[in-house]
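# Coordinate analysis (summary)
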Amino acid sequence: MAFVNKSVVFFMLLAVLHVSMATATVYKVGDSAGWTVVKENKDYYKNWAASKTFKVGDEIVFEYDAKAHDVIEVTKEDYNTCTVSKSPLHKFKTGNDTIPITVPGHFFYICSVQGHCHAGQKVDIRVPEDKSSKNKSSEVPSASPSASPSAKPSGGHSHSETPAPAPTHNSAVALSSMGVFGMLAIGLVALAF
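Residues numbered from 1 in each chain as written. Predicted model: local features only at pLDDT ≥ 70, side-chain atom pairs only at ≥ 80, totals over all residues. Heavy atoms only, no water.

### Brief notes about the confidence of the model for the protein chain
Model confidence for the protein chain is summarised by a mean pLDDT of 72, while 56% of its residues fall at 70 or above. Note on residues 135–152: pLDDT is under 50 here. Beyond four places in sequence and across chains, it has 30 contacts. The model gives residues 154–185 a pLDDT under 50, and that stretch makes 67 contacts with residues more than four places away or in other chains. (pLDDT = per-residue confidence, 0-100. Contact = heavy atoms within 4.5 Å.)

Here's what the structure looks like:
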């Protein structure tokens, strides 16, 4: 009987792992270029974002030299003019910032270093509303703005009903290795007992 219980737990963990891998994607902003000024292509990040389909549950990762760049979440108006208001939505400065996408919307990020945004170091992330979860909208928690590196995009952006094009998964990671190893460790512990 103990073997049957352990087997059920193991297969349940595998099912959860499979669902997690199928639904979450981690996108490194700019792929191999990372977050920097791409001098030869001012539209680099615009084209990068247009080639992805972001959804709630995904994560975007900004990797950059923290001595030379930053990541500031701004309003659409500030994005268009490459300005940072006195109260930006979020500031990130670690050089390796992971931002979970918790709500649908349109999110705007720029580098505030003088001249970088005008040179193209800005990206807008469109997260369409999932039509299948419209009835569950009351279950989606709203994120409040925070200036910490673990801040989540706020819901106070202009929303886009236009879905983004299909993703290219050449650099997207389906699930963080920490999550995979954590699930496997739980499964092994469950089997041991």
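### Here we look at the nonpolar core
Ranked by size, the top nonpolar core spans 22 residues in total, and within it W35, F54, I60, F62, Y109, V123 and I125 carry the most contacts. When residues of this core are traced back to their parent elements, those giving at least two are α2 (44–50), β2 (59–63), β6 (105–110) and β7 (122–127). In terms of nonpolar packing, the next biggest core, distinct from the first, is built from seven residues, I72, Y79, F108 and C117 among them. (Core = buried A, V, L, I, M, F, W, Y, C linked by side-chain atoms within 4.5 Å. Buried < 20%, exposed > 50% of the residue type's maximum accessible area, 1.4 Å probe, protein only. Helix = DSSP H or I, 4+ residues; strand = E, 2+ residues; numbered from the N terminus.)

### Quick word on the sheet that holds strand β5 (residues 96–100)
Ordered by their spatial adjacency, three strands build an open sheet running β1-β2-β5, and the pairing between neighbours is mixed. The sheet is open, and its two borders are formed by β1 (26–28) and β5, each paired with just one other strand. For this sheet, the mean inter-axis angle between neighbouring strands, taken without regard to orientation, is 20°. Pairing of β2 with β5 involves five bridges; the strand directions are antiparallel. (Pairing = 2+ DSSP bridges. Axes fitted to C-alpha atoms, helices over the stretch in contact; angles between N-to-C directions.)

### Description of the sheet that holds strand β4 (residues 90–92)
Strand order across the open sheet formed by four strands is β4-β3-β6-β7, with antiparallel pairing between neighbours. In the strand order of this sheet, the two ends are held by β4 and β7, each with one partner. Taken over all neighbouring pairs, the strand axes of this sheet differ in orientation by 20° on average, direction set aside. Bridge analysis of strand β3 (residues 71–74) against β6 gives three bridges, and the strand direction is antiparallel. Bridging from a neighbouring strand, I72 pairs with I110 of β6.

### Observations concerning the environment of P88
Turning to its location among the elements, P88 is positioned in the loop between α3 (76–81) and β4. Residues P88 and I72 lie 16 residues apart in sequence; the distance between their C-alpha atoms is 6.9 Å. In this view, P88 contacts I72 and E73; residues no more than four positions away in its chain are not counted.

### As for the state of the cysteines
The tally for this structure, following the rule as stated, stands at one disulfide. The disulfide that involves C82 links it to C117, with 2.1 Å between the sulfurs. Between C82 and C117 the sulfur-sulfur dihedral comes to about -70°; the bridge is accordingly left-handed. Here C117 lies in the loop between β6 and β7 and C82 lies in the loop between α3 and β4, a separation of 35 residues in the sequence. For the residue pair C82 and C117, the accessibility class agrees, reading buried in each case. Cysteine C111 is unpaired, with the sulfur of C117 as its nearest cysteine sulfur at 8.3 Å. (Disulfide = S-S within 2.5 Å.)

### Re the side chain of K122
With respect to the helices and strands, the residue K122 is situated in strand β7. One buried charge, K122, has no salt-bridge partner; the nearest side chain with opposite charge is D124, at 7.9 Å. Here Y79 takes part through its backbone oxygen, which lies 3.2 Å from a polar atom of the side chain of K122. Ignoring sequence-local partners within four residues, the contact set of K122 consists of W35, Y45, Y79, N80, C82, Y109, I110 and C117. (Lys, Arg positive; Asp, Glu negative; His and termini not counted. Salt bridge = Lys/Arg side-chain N within 4 Å of Asp/Glu carboxyl O. Polar contact = N/O pair within 3.5 Å; in protein donor to acceptor, adjacent residues only side chain to side chain.)

### Comments concerning the pairing of β2
Two faces make up the sheet, and in a regular strand the side chains alternate between them. Direction of pairing for β1 relative to β2: parallel, over a ladder of three bridges. From the neighbouring strand, Y27 faces β2, where its bridge partner is I60. Considered for its hand, the β-α-β crossover made up of β1, α2 and β2 is right-handed. (Right-handed = clockwise from strand over helix to strand, strands pointing away.)

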